[in-house]
Amino acid sequence: MARHFLEIMGDVLCKENLVETEGRERLPSPTELQGKIILKGTFKKEVKAAMSSFSTETSLSAYLTRRRSTDEQLTSDENQHMVSIYGLDAPKMVAQDDQETTFVEDTEKDLEKLVVYCRSISIKPWSWSKQRETSVSEMFSFGEPSAMKLCKHSPQEMLACTERQLVRTYPKGTRFDSSNYDPTLMWGCGMHMVALNFQTPDVWMHLNQGFFRQNGGCGYVLKPEVMRRSSQSSVEYSPFMTEPHPDIPTVDLEIELISGQQLCPYKKKCVSLTVDIQTFGIPADKSAMPRASHDSAFWPQWERGKFVYSRRKILMPELCLVYFRVEVQYSTGNPQLFGQNCIPLLSLNPGITFVPLRTSGGELIQGSGLFVKITKETSISAAGVSSAAPVKHLRSRPRLTYQANVEES
């Protein structure tokens, strides 16, 4: 496997660990790793087997026999034949005592050398002090329940951990229906890779798709500066904050629903439709406007000023997402999702704009969308002064430039 990686990927494969060779205290930036393939792996240095004293030949025979599904015993010649065909190396044996023998395969050692920045390790039971003693080249993977517990009970420690090392989380194994969880809490605590079940296009997958359309859809988004430089901030950042942070300008948002266009599938008769507009982000920034309904799906128009979503003081604008959702009611059956779109707050430009709708899978629906009027004002809370002028690094923009986009299949 190691040879295949080297021959096929060549120079694109990241093989040099700059943290160890140059004595760095931080991982390389995405710019330094641009165009590189990084391998992630978990390795056990020793595999112990309680056994009596056997010869190398007998141990190899037992090792190869266990790889077969039948109970047929292999002869020494057959063992050597398998070694030559499959490229298996005879395990080296290091005697420890009469009862235990340690097997270390050369092939595993070669593969381990190629995993430079994503060496997955575990600490059981979990200890933040032990975590701080690990190398920055080592990463942690948490299941959904563990990640939720650590984020809710130790957000500051998790932020410090993610500032130093890569952290990944994934859905719990009891989600037999392949449902997803809310990724915004993990993003708010700085986790880099929040894996979701890609086969389920629910609201959480819509948020994930919308969030990573930023930065040209390249696969990562730069975390807010206060989360990357938390040690330099005068006040600790917390994803559970309820008051403005002095280093984070807040945003007052207002969205007025004006009209819609072609909000019904072609050649289908729709009795009515409903429009939902919500914001997602850290817990304090989550809210929704009252549902807007209409009996015309082709060109619905609403009375000006009737459906206005107003949200004052969004505390973490860089993690805030605005979610548009349209459901239609046919003559029979329950309401069904027609279209949706999730747009980062900083990617919305003020003024009257057309919000195109996407299918549940994320594909654009040609000609369908909502006309809305957007008003945004940025407030600086550090000096207690409110200003309508946008702060430089929070200026509205369609694209932002390391929060990785990971989806589990």
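Values in this document were obtained by computation on a predicted structure and should not be read as measured data.

Trainee: Help me understand helix 10 (residues 203-211) in this model?
Mentor: An α-helix turns once per 3.6 residues; consequently, residues spaced three or four apart project the same way. In terms of residue burial, helix 10 counts as a mostly covered element, since seven of its nine residues are buried. Of all the positions in helix 10, only M205, H206, L207, N208, Q209, G210 and F211 are classed as buried.

Trainee: Would you explain the packing of aromatic side chains in this entry?
Mentor: The way to describe two aromatic rings as a pair is by their centre distance and the angle between their planes. Summed over the entire model, instances satisfying the criterion amount to eleven aromatic pairs. When the ring of W126 is compared with that of F140, the centres are 5.1 Å apart and the planes differ by 85 degrees; the resulting orientation is edge-to-face. One end of the pair, W126, is in the loop between strand 5 (118-121) and helix 6 (128-132); the other, F140, is in strand 6 (residues 138-143), with 14 residues separating them in the sequence. Summarising the aromatic geometry, the rings of F140 and F142 are spaced 6.4 Å apart at their centres and angled 20 degrees between planes, so their arrangement reads as stacked. Of the aromatic side chains, those joined through ring pairs into one cluster are W126, W128, F140 and F142.

Trainee: Hey, could you run me through the pairing of strand 6 in this one?
Mentor: Looking down a regular strand, the side chains alternate between one sheet face and the other. In the sheet, strand 5 pairs with strand 6 via three bridges, with the strands oriented parallel. Considered in strand 6, the bridge of R119 is made with E138. As paired elements, strand 6 and strand 7 (residues 167-170) share four bridges and run parallel to each other. Across the sheet, residue S141 finds its bridge partner in strand 7, namely R168.

Trainee: Hey, could you run me through the nonpolar core in this one?
Mentor: Nonpolar side chains in soluble globular proteins tend to be buried together. Core analysis: the biggest nonpolar cluster contains 38 residues, and F142, M158, M186, M191, Y237 and M316 have the highest contact counts within it. Among the secondary structure elements, those contributing two or more residues to this core are strand 6, helix 7 (144-153), helix 8 (155-164), helix 9 (184-188), helix 10, helix 11 (225-228) and strand 16 (321-330). The element that contributes the greatest number of residues to this core is helix 7, accounting for four residues. Residues in contact with F142, not counting those within four places in the same chain, are W126, A147, L150, M158, V167, R168, T169, Y170 and M191. Of all hydrophobic cores here, the second largest spans 33 residues; its members include I255, I314, V322 and F324.

Trainee: How should I be thinking about the confidence of the model for the chain in this particular structure?
Mentor: Looking at the chain, the pLDDT average stands at 80 and 76% of residues meet or exceed 70. Low pLDDT (under 50) marks residues 67-79, which in the prediction has 14 contacts with non-local residues, meaning those over four places away or in another chain. Note that pLDDT drops below 50 for residues 81-104; the model gives that stretch 50 contacts with residues more than four away or on any other chain.

Trainee: Even after reading the chapter, I still don't get the state of the cysteines, so can you show me in this structure?
Mentor: In protein structure, a disulfide is the covalent linkage between the sulfur atoms of two cysteines. Using the criterion set out here, one finds one disulfide in the structure. C151 takes part in no disulfide bond, and the closest cysteine sulfur, belonging to C189, lies 3.6 Å away. What makes C151 buried here is its relative accessible area of 0%. Left unpaired, C342 is separated from the closest cysteine sulfur, that of C320, by 9.2 Å. With relative accessibility at 2%, the residue C342 sits in the buried group.

Trainee: I keep staring at the environment of P28 and nothing clicks. Help me out?
Mentor: With respect to the helices and strands, P28 occurs in the loop between helix 2 (18-21) and strand 1 (40-41). Each residue touching P28, except ones within four places of it in the same chain, is listed here: L18, V19, L33 and Y117.

Trainee: Honestly, the pairing of strand 19 (residues 364-380) in this entry has me stumped. Any pointers?
Mentor: The pairing of strand 11 (residues 250-261) with strand 19 spans eleven bridges and is antiparallel. Bridging across to strand 19, I255 finds its partner in I374.

Trainee: Can you walk me through the pattern of salt bridges in this structure?
Mentor: When charged atoms on two side chains of opposite charge get close, those side chains can pair. According to the stated counting rule, one finds twelve salt bridges in the structure shown. Its salt-bridge partner being E7, residue R3 comes within 4.0 Å of it at the nearest N-O pair. On the criterion of helical spacing, the pair formed by R3 and E7 is a turn pair, its members being four residues apart in helix 1 (residues 2-9). Overall, the relative accessible area of 57% leaves E7 in the exposed class. Among the ionic contacts, a cluster of salt bridges with common partners joins D276, R291, R325 and E327.

Calculation notes
Residues numbered from 1 in each chain as written. Predicted model: local features only at pLDDT ≥ 70, side-chain atom pairs only at ≥ 80, totals over all residues. Heavy atoms only, no water. Buried < 20%, exposed > 50% of the residue type's maximum accessible area, 1.4 Å probe, protein only. Helix = DSSP H or I, 4+ residues; strand = E, 2+ residues; numbered from the N terminus. Phe/Tyr/Trp six-rings, centres within 6.5 Å; stacked < 30°, edge-to-face > 60°. Pairing = 2+ DSSP bridges. Core = buried A, V, L, I, M, F, W, Y, C linked by side-chain atoms within 4.5 Å. Contact = heavy atoms within 4.5 Å. pLDDT = per-residue confidence, 0-100. Disulfide = S-S within 2.5 Å. Salt bridge = Lys/Arg side-chain N within 4 Å of Asp/Glu carboxyl O.

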